[in-house]
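# Structural description and commentary
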Amino acid sequence: AQSVAQPEDQVNVAEGNPLTVKCTYSVSGNPYLFWYVQYPNRGLQFLLKYITGDNLVKGSYGFEAEFNKSQTSFHLKKPSALVSDSALYFCAVRDGADKLIFGTGTRLQVFP
Amino acid sequence: AAGVIQSPRHLIKEKRETATLKCYPIPRHDTVYWYQQGPGQDPQFLISFYEKMQSDKGSIPDRFSAQQFSDYHSELNMSSLELGDSALYFCASSLRDGYYEQYFGPGTRLTVT
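What counts as what
- Residues numbered from 1 in each chain as written.
- Chains lettered and ligands numbered in written order.
- Predicted model: local features only at pLDDT ≥ 70, side-chain atom pairs only at ≥ 80, totals over all residues.
- Heavy atoms only, no water.
- Contact = heavy atoms within 4.5 Å.
- Buried area = accessible area lost by both parts, 1.4 Å probe.
- Salt bridge = Lys/Arg side-chain N within 4 Å of Asp/Glu carboxyl O.
- Polar contact = N/O pair within 3.5 Å; in protein donor to acceptor, adjacent residues only side chain to side chain.
- Helix = DSSP H or I, 4+ residues; strand = E, 2+ residues; numbered from the N terminus.
- Nonpolar A, V, L, I, M, F, W, Y, C, P; charged D, E, K, R; others polar.
- Disulfide = S-S within 2.5 Å.
- Buried < 20%, exposed > 50% of the residue type's maximum accessible area, 1.4 Å probe, protein only.

### What about the interface of chain A and chain B?
Of the residues lining the interface, 21 residues belong to chain A; the matching set on chain B comes to 26 residues. Looking at the side of chain A facing chain B, the largest losses of area belong to Leu-44, Asp-98 and Lys-99 of chain A, adding up to 30% of the total buried there. Our count for the chain A to chain B interface comes out at 2 salt bridges. Residue Lys-49 of chain A pairs with Glu-101 of chain B through a salt bridge whose shortest N-O separation is 2.7 Å. Run the count over chain A and chain B and you get 7 residue pairs in polar contact (both at pLDDT 80 or more). For the side of chain A that touches chain B, the elements supplying multiple residues, two or more each, are strand 5 (33-38), strand 6 (44-50), strand 10 (87-95) and strand 11 (99-102) of chain A. Within the side of chain A that touches chain B, the residues separate by chemical class into 10 nonpolar, 5 polar and 6 charged.

This is the structure in structure tokens:
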């Protein structure tokens, strides 16, 4: 069965510093990986995806993610964090034709 | 750009009542998905429809049913509500062909008292 793990419940970073939110995956076959962000009382917003091709994927709002097959990881990164980036981040893997399997989420707190 | 529309945004029901949640996908999207997110939890896949036919089924209770209509909107019907059904219910839509991302609506917060 497909699964993703987010080992950190919370990540704290100072504004202007680089941030990393970790995700590891376990899949059979090729992984189709996604990052979503959820602000309080809001729906999930798509950030980026990895289907195939370049291991460095660029997404919305300056976020990028690095796909690493040997480490089975898909970490989300941003060179310079903003206070407004503070939110709940979910890594997800596509399972079958439709469903997304989400990780448990990582709360990112960016301090001014 | 048009987004996924869900109604109502908030719903309060009592135990054993029924609830109907509606979802209007992004225009031209042919696939609709329903997810349930309990308090402090990650979203859990319930069910999906492609071209008005059920496509995949997840951990959806037998008390719940859903369908997609000719105009592609979808409804999630929940009967004999239990306290544990209190959650955020998200609808998402996408194009089916290829590996398109799912776009999520704002969610319906269901509270069962």
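### Some points on the state of the cysteines
Residues and elements named next belong to chain B. Under the definition given, this model contains 2 disulfides over all chains. In this model, Cys-23 is linked to Cys-91 through a disulfide, with the two sulfur atoms separated by 1.7 Å. Torsion about the S-S bond of the Cys-23 and Cys-91 cystine: about -55°, corresponding to left-handed handedness. Of this pair, Cys-23 sits in strand 3 (residues 19-24) while Cys-91 sits in strand 9 (residues 87-94), placing them 68 residues apart in sequence. Here Cys-23 matches Cys-91 in class, with each residue buried.

Such coordinate-based values are descriptive only and should not be taken to indicate function.
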